Amino acid sequence: MATVVFYILAILALLGTYLCVTRSNPVHAILYLVNVLFAVALMYYLLGAPLVAAWEVIVYAGAVMVLFVFIIMMLELTPDQEMSRVGWLRWGPTVLLAMVLFCTLVLFVAVDPETSRVIVDTYVAPKAFGYALFAKYPLAVQVISFHLFIAAIGAYYLGRGGGSRKRSREEGDE
Amino acid sequence: MNVPFSHLLIIAFLLFLMGLASILVRRNVIRVLIGVEIMLNAAGLVLVGSSALWNKVDGQLFAVFLMAIEAAEVALALALVIYLRRRKGTLNINAFNEMRG
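Since this is a predicted model, take the numbers as computed values, not measurements.

Quick look at the overall build of chain A now. The helix and strand tally for chain A stands at seven helices and one strand. Taken from N to C terminus, the helices and strands of chain A fall in the order α-α-α-α-β-α-α-α. In chain A, which comprises 174 residues, the share counted as buried stands at 35%. In chain A, once contacts between residues fewer than 6 apart in sequence are set aside, the share between residues at least 24 apart is 59%. For chain A, the accessible surface area stands at approximately 10700 Å², while carbon and sulfur atoms represent 72% of it.

Given below as structure tokens:
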């Protein structure tokens, strides 16, 4: 049963990603991406990571996507029609990198016998997860806290008006 | 659950590929950021899947670290998008190809 649900979620995620990438309206793209994130969160749950699934919904679908929608609506983005006139000059590198990645994947699956192993039912309780997080990687937790703090400072600095130099230049232009 | 690990790798590969195509083909900064999101999700899927395969909790921990770093990245990147839009009046990525401050 869980296997069938997993494959249905995988198809949902792939379809949603395809629609997200191809739609011209950015708001529609974000909403398809939210669908994808819910599907991926349920896949996490089936893979035995309930806490990561919850955080995927809270952090990605809740916070990050709302931020995206907010910015898109603030900037009043219009639907772009650029997909119709995309030439081979742009698709070339994409196809090349995709081929390289595909060859690597095929080689990896063919060579490594571990990849044909079946994922059995696992479940990591939040208690074990939290213990591993704070007992095994305390330094990583602190580094990421600093990372978030510095990102907040940077976002504040950029959003403030870009510093005094730029403001004086704008005033000079006017 | 009766899913071979290779199927999970293929799903993550396809997700990653679509994100890569979004980054390389699109010329709107917001679409490029969406592509980065999709690629990071694919990476997280492989991390959690390998965590389930080897019955270790480390993969899930790295998925959570990935999530935190990605949230910081999005906050900064969207602030940059607003800044660049204010400066140049466009979101086309070709307009930002000079490093003059």
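The next thing to look at is the packing of helix H2 (residues 26–46) of chain A against helix H3 (residues 50–75) of chain A. All names here are of chain A. Axis separation between H2 and H3 bottoms out at 8 Å; the angle between their running directions is 175°. Relative to H3, the element H2 is oriented roughly antiparallel. From H2, Pro26, Val27, Ile30, Leu33, Val34, Leu37, Phe38, Val40, Ala41, Tyr44 and Tyr45 reach across to H3, where they touch Pro50, Val52, Ala53, Glu56, Val57, Tyr60, Ala61, Met65, Phe68, Val69, Ile72 and Met73. Taken together, the residues of the contact of H2 with H3 sort by class into 22 nonpolar, no polar and one charged.

So, on to the interface of chain A and chain B. At the interface, 86 residues of chain A touch 69 residues of chain B. Summed over both partners, the interface of chain A with chain B comes to about 7300 Å²; 74% of that surface belongs to carbon and sulfur atoms. The closest approach of N and O atoms between Lys136 of chain A and Asp58 of chain B, which form a salt bridge, is 2.8 Å. Summed over the shared surface of chain A and chain B, the result is 16 residue pairs in polar contact (both at pLDDT 80 or more). Mapped onto the side of chain A that touches chain B, the elements with two or more residues apiece are helix H1 (2–22), H2, H3, helix H4 (88–111), strand E1 (118–119), helix H5 (126–136), helix H6 (138–159) and helix H7 (163–173) of chain A.

Looking now at the packing of aromatic side chains. On inspection of all chains with the given rule, the structure shows seven aromatic pairs over all chains. Taking the centre distance of 5.9 Å and the plane angle of 40° together, the rings of Phe102 of chain A and Phe13 of chain B count as tilted. Highlighted residues: Phe102 of chain A in helix H4 and Phe13 of chain B in helix H1 (residues 5–25), drawn from two different chains. The exposure class assigned to Phe102 of chain A is partly exposed, which follows from its relative accessible area of 41%.

In the structure shown here, the tally under the stated rule is two salt bridges over all chains. A salt bridge links Arg117 of chain A to Glu114 of chain A, with the nearest nitrogen and oxygen atoms 3.0 Å apart.

Calculation criteria
Residues numbered from 1 in each chain as written. Chains lettered and ligands numbered in written order. Predicted model: local features only at pLDDT ≥ 70, side-chain atom pairs only at ≥ 80, totals over all residues. Heavy atoms only, no water. Helix = DSSP H or I, 4+ residues; strand = E, 2+ residues; numbered from the N terminus. Buried < 20%, exposed > 50% of the residue type's maximum accessible area, 1.4 Å probe, protein only. Contact = heavy atoms within 4.5 Å. Areas by Shrake-Rupley, 256 points an atom, 1.4 Å probe, with all protein chains shown as cover. Axes fitted to C-alpha atoms, helices over the stretch in contact; angles between N-to-C directions. Parallel < 35°, antiparallel > 145°, perpendicular 65-115°, else oblique. Nonpolar A, V, L, I, M, F, W, Y, C, P; charged D, E, K, R; others polar. Buried area = accessible area lost by both parts, 1.4 Å probe. Salt bridge = Lys/Arg side-chain N within 4 Å of Asp/Glu carboxyl O. Polar contact = N/O pair within 3.5 Å; in protein donor to acceptor, adjacent residues only side chain to side chain. Phe/Tyr/Trp six-rings, centres within 6.5 Å; stacked < 30°, edge-to-face > 60°.

Nothing here speaks to function; it is geometry throughout.
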